[in-house]
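Analysis of the macromolecular model
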Amino acid sequence: MRFILCFLIGCMPLCSVAQNDISISFHHQIHHQKLILNERSRISPQSDSVIITTLKYYISSIQLLWQGKTVFRESNSHHLLNIEESKSCTFPLHTPKNIHFDQMEFCVGIDSISNVSGALGGDLDPTLGMYWTWQSGYINFKLEGIHPKCPSRKNEFQFHIGGYQMPYYPLQEIKLSIPNKKQIDIYLQLEKLMANLDFKTQKSIMIPGKEAMDFSKRFTQMFSTAQ
Amino acid sequence: MRKGIIYIALFSFFALVSFTSTEPLFHVPSGWPKPSYDFSKNTLSQDKINIGRALFYSPILSKDNTISCASCHLSFTGFAHTDHDLSHGIDGKIGKRNAPALMNLAWGKTFMWDGRINHLDMQALAPISDSNEMNENIAHVVEKLNQSNLFKNLFYSAYRDSLITGERTLKCITQFMLTLVSANSKYDQVMRHEDTFSSQEKNGYLLFQKNCASCHTEPLFTNNQFANNGLQQDTVLLDNGRYAITHIASDSLTFKVPTLRNIEFTYPYMHDGRFKKLSQVLNHYTSIPQHASTLDSQLQKPIQLSANDKVDVISFLLTLTDKEFLYHPKFQYPKKLFSQSPNGL
């Protein structure tokens, strides 16, 4: 009898290990309208129109929480999202079955350990255009486009945000309350990232440093689960 | 006979390393520190080393297929660029710095004169992408490799699939560079009691230990740190060294301490190749102007060396020449491999 009990208890973890994928989708918007690359949008009703030509960034270290406790931590959690390839903006999380969660945590960017671990593969492969070459380090977030106020050639702006050495370590942690569902939709409102940016003076960030740090702080405001 | 003794003396580093022949692919010479490179993340194999060697010697890594790593790093001169103070790259464009010697890189912690590369795997990205050097990009290099029969076959035999990725390309180049170990100079033989210094060399060694070894530390002849050794900044290049990377004032005008192994052949010297002769280097060290604000504390008190002392130090430095390393066929242009497809193109 006791043996059977032990057997049953022993089996329980096996049952809960059964996988049950959750799908996460990131949606990119400006004022709740779908962002379309190479087309004009307005950051605010009074402002000039802006054209986004590139948006690529890393989401990493994804965790699900229930009442403040971590219930799932994705292993090798590095996802490169490139809005040019819509497939890259939806991916599964291989979670155990019957998992309960009410919150999600993730980082925008690549942690410092991965930054000093040499050549890596998959979404971290250096051929993907998200690794600096003149100096070591990943680009966490790449936003490029055109704004009429930019005093640069063809009015182009380029923000390449990255860095892994203190005090300029712009990895940002995002926490969101999420519904306990199989499909999780996360919305990025890009006007929040670009509001108050003075395109007249700020047209490019290409190196780690204070400017990149300040820019990265805007990430925390642009993610939400509300469409 | 001598070879036999060396191999017996070798450290038991073998566990980390796989074998395809009886000779280990990599070993830590006896008495040397543990390498900084984590071999468990990139296990050596002869096939991958061969790919790395082919990549190192193939101009396929450059935009117009003209420049290879070996254009600037020549095996016979310790992989330095002899006679060029500043390196020459694509279209004859001139770079900002002197190409350093490449050896014992498994013990390196950061790379480049200013340490801006944090891992040996990532080193090759810099010259590949530099518009003055190879002016390519790694994604396109991988595309070209995937179209090359030679490289597809080589990758297939190493990985059992012929998918060439950025990660694999970089790790293979690293594997070849890791094998560039120089540890059989006269100095090493003396340390192993297989040879003896002349009295001049011996005196030079003592003077070296007193004045130089705090930075050029044995057995690697570098402490892998950054220092300002008192060179006046070149007024055209305006190179601030490590400061450009860290933005820390005390790093201004500091450069990575280079190894002195094979120094006989790695001229011209210093980050901008300003000295052609070792005698000029020694004259510099005995006449350092004391104004530079970040001058290393060990050099604040002037080094005193007589003319004879200088000759002795140089005779010691010449004992760091390792002919076996400089002329080893396994480090040279892979003639046999490239016989079907010249230069791997």
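Residues numbered from 1 in each chain as written. Chains lettered and ligands numbered in written order. Predicted model: local features only at pLDDT ≥ 70, side-chain atom pairs only at ≥ 80, totals over all residues. Heavy atoms only, no water.

Before going further, it helps to examine the overall build of chain A. Scanning chain A from N- to C-terminus turns up 5 helices and 14 strands. C-alpha extents for chain A along the principal axes are approximately 80 × 40 × 30 Å. Counting all 227 residues of chain A, 49% fall into the buried class. Taking as baseline every contact in chain A between residues at least 6 positions apart, the subset at least 24 positions apart corresponds to 73%. About 11,700 Å² of surface is accessible on chain A, with carbon and sulfur atoms providing 54% of the total. Here chain A contributes 22 positive and 19 negative side-chain charges, whose respective centroids are spaced 3 Å apart. (Helix = DSSP H or I, 4+ residues; strand = E, 2+ residues; numbered from the N terminus. Buried < 20%, exposed > 50% of the residue type's maximum accessible area, 1.4 Å probe, protein only. Contact = heavy atoms within 4.5 Å. Areas by Shrake-Rupley, 256 points an atom, 1.4 Å probe, with all protein chains shown as cover. Lys, Arg positive; Asp, Glu negative; His and termini not counted. Charge placed at Lys NZ, Arg CZ, Asp CG, Glu CD.)

What follows concerns helix H12 (residues 278-285) of chain B. Residue and element names in this part refer to chain B. Along H12, the residues classified as buried are Leu 278, Val 281, Leu 282, His 284 and Tyr 285. Looking straight down H12, one finds that the buried residues subtend no more than 155° of arc, so they occupy a single side. Residues of H12 that are buried sit in contact with helix H13 (307-317). (Arc of directions from axis to C-beta.)

So, on to a nonpolar patch on the surface. Residue and element names in this part refer to chain A. A surface patch of nonpolar side chains, amounting to about 250 Å² of accessible area, comprises Trp 134, Met 206 and Ile 207. Within the element layout of this structure, Trp 134 appears in the loop between helix H2 (112-115) and strand E9 (139-146). According to the relative accessible area criterion, Trp 134 is partly exposed, its value standing at 35%. (Patch = residues over 30% accessible without salt bridge, like charges linked within 9 Å, V, L, I, M, F, W, Y side chains within 5 Å. Salt bridge = Lys/Arg side-chain N within 4 Å of Asp/Glu carboxyl O.)

Residues and elements named next belong to chain A. Judged by how many residues are buried, strand E8 (residues 103-108) sits mostly within the fold: 5 of 6 residues are covered. Note that strand E4 (residues 49-66) and E8 share 5 bridges and pair antiparallel. Its bridge partner lying in E8, Ile 59 is registered against Val 108. Bridge count for E8 against strand E11 (residues 172-177) is 6 bridges, and the pairing is antiparallel. Residue pairing across strands places Phe 106 opposite Ile 174, the latter belonging to E11. (Pairing = 2+ DSSP bridges.)

Residue and element names in this part refer to chain B. The domains assigned to chain B are domain 1 (44-182 + 330-344) and domain 2 (186-321). On the side of domain 2, 22 residues touch domain 1, which itself brings 26 residues to the contact. Between domain 1 and domain 2, a total of about 2,000 Å² is buried, with carbon and sulfur atoms accounting for 58% of that surface. When residues of domain 1 are sorted by the area they lose upon contact with domain 2, Met 103, Trp 113 and Asp 114 head the list and together hold 28% of the total. At the junction of domain 1 and domain 2, the tally comes to 1 salt bridge. Close ionic contact of Asp 239 with Arg 97 constitutes a salt bridge, the shortest N to O distance being 2.7 Å. The interface formed by domain 1 and domain 2 contains 9 residue pairs in polar contact (both at pLDDT 80 or more). Taken together, the residues of the side of domain 1 that touches domain 2 sort by class into 9 nonpolar, 10 polar and 7 charged. (Domains from an automatic or database assignment. Buried area = accessible area lost by both parts, 1.4 Å probe. Polar contact = N/O pair within 3.5 Å; in protein donor to acceptor, adjacent residues only side chain to side chain. Nonpolar A, V, L, I, M, F, W, Y, C, P; charged D, E, K, R; others polar.)

This paragraph deals with the interface of chain B and chain A. Taken together, the contacts link 18 residues of chain B with 17 residues of chain A. In this assembly, chain B packs against chain A so that about 1,500 Å² is buried in total across both faces, 59% of it on carbon and sulfur atoms. When the buried area of chain B at its contact with chain A is split by residue, B:Asn118, B:Met122 and B:Glu167 rank highest and sum to 35% of it. At the surface where chain B touches chain A, the tally comes to 0 salt bridges. Put simply, chain B and chain A have 10 residue pairs in polar contact (both at pLDDT 80 or more) between them. Of all elements in the fold, only helix H4 (120-123), helix H5 (125-129), helix H6 (138-146) and helix H8 (166-178) of chain B reach the threshold of two or more residues within the side of chain B that touches chain A. Sorting elements by how many residues they give to the side of chain B that touches chain A places H8(B) first, with 4 residues.

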